[in-house]
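Residue-level structure breakdown
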Amino acid sequence: MKTFTTAALAALIAAGSMGVASAADAQSRYERNDRQEQRQDRRDDRRDDRRDDRLDRRDDRQEWRQDNRDDRREYRQDVRAYDRWQRSERRYNAGRYSPPRGYQVRQWSYGQRIPSYYSRGYVVNDYSRYGLRAPPRGYHYVRSGNDVVLAAVAGGLITAVVAGLFN
């Protein structure tokens, strides 16, 4: 009987300790799940913050591109303000024109290139005297016959022609 009681008591203690262990184990599992959920929530919050930052930067880039587009559009409108071909409303006396040796007077048009020999003695520096606007940077007015041509200094590309400016 003593053996039986000892065995029963041992079984009871073993069963009780197992029950306690499983309750403690269950409790720690729940706590672990709660901690994992909290970590996941924090990760999600950080991820959302990063996404918001990315969206803000994307909006900034889009605004920057739009501003650049507007600037280019305004620049093109300013360039177009120099009409490609226009007839002079008033005629001026500027002395007799003599073309370079071996060349004849010809009609220039937008997009052509004026030869470099025209840039020497044929540049119109007093453009305001003849009712012309100041040329953009890198351009100058060149006289060719009775016409004035707005051409690039470097390559001679003609941007505008003012026909019949001189007598």
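This text follows the structure it describes.
Since this is a predicted model, take the numbers as computed values, not measurements.

By the definition in use, this model includes four aromatic pairs. On the numbers, 5.7 Å between centres and 55 degrees between planes, the contact of Y97 with Y122 is tilted. Of the two residues, Y97 sits in the loop between β1 (85-87) and α2 (118-121) while Y122 sits in the loop between α2 and β2 (123-124), which places them 25 residues apart along the sequence. Considered together, Y97 and Y122 belong to a single accessibility category, that of buried residues. Arranged with centres 5.0 Å apart and planes meeting at 80 degrees, the rings of Y130 and F166 form a pair that is edge-to-face. Of this pair, Y130 sits in the loop between β2 and β3 (139-144) while F166 sits in the segment after β5 (158-163), and the two are 36 residues apart along the sequence. A relative accessible area of 1% places F166 in the buried class. The ring centre of F166 lies 4.4 Å from the NZ or CZ of R143, which sits over that ring.

A surface patch of like charges, here positive, comprises R57, R58, R61, R65, R69, R72 and R76. Residue placement: R57 occurs in helix α1 (residues 2-80).

This part is about the pattern of salt bridges. For the structure on display, the rule yields one salt bridge. Across the salt bridge formed by R129 and D126, the nearest N and O atoms sit 3.1 Å from each other. Overall, R129 belongs to the exposed group, its relative accessible area being 54%.

Time to look at the environment of E89. In this fold, E89 is placed in the loop between β1 and α2. Sequence separation between E89 and G131 is 42 residues, and the spatial gap between their C-alpha atoms is 9.5 Å.

Counting buried residues in β3 gives five out of six residues, a clear majority hidden from the surface. The sheet contact formed by β2 and β3 spans two bridges and is antiparallel. Residue pairing for β3: V123 is matched across the bridge by V142. Between the antiparallel neighbours β3 and strand β4 (residues 147-152) lie two residues, among them G145 with a positive phi of about 70 degrees.

Definitions and limits used
- Residues numbered from 1 in each chain as written.
- Predicted model: local features only at pLDDT ≥ 70, side-chain atom pairs only at ≥ 80, totals over all residues.
- Heavy atoms only, no water.
- Phe/Tyr/Trp six-rings, centres within 6.5 Å; stacked < 30°, edge-to-face > 60°.
- Helix = DSSP H or I, 4+ residues; strand = E, 2+ residues; numbered from the N terminus.
- Buried < 20%, exposed > 50% of the residue type's maximum accessible area, 1.4 Å probe, protein only.
- Lys NZ or Arg CZ within 6 Å of the ring centre and 35° of its normal.
- Patch = residues over 30% accessible without salt bridge, like charges linked within 9 Å, V, L, I, M, F, W, Y side chains within 5 Å.
- Areas by Shrake-Rupley, 256 points an atom, 1.4 Å probe, with all protein chains shown as cover.
- Salt bridge = Lys/Arg side-chain N within 4 Å of Asp/Glu carboxyl O.
- Lys, Arg positive; Asp, Glu negative; His and termini not counted.
- Charge placed at Lys NZ, Arg CZ, Asp CG, Glu CD.
- Pairing = 2+ DSSP bridges.

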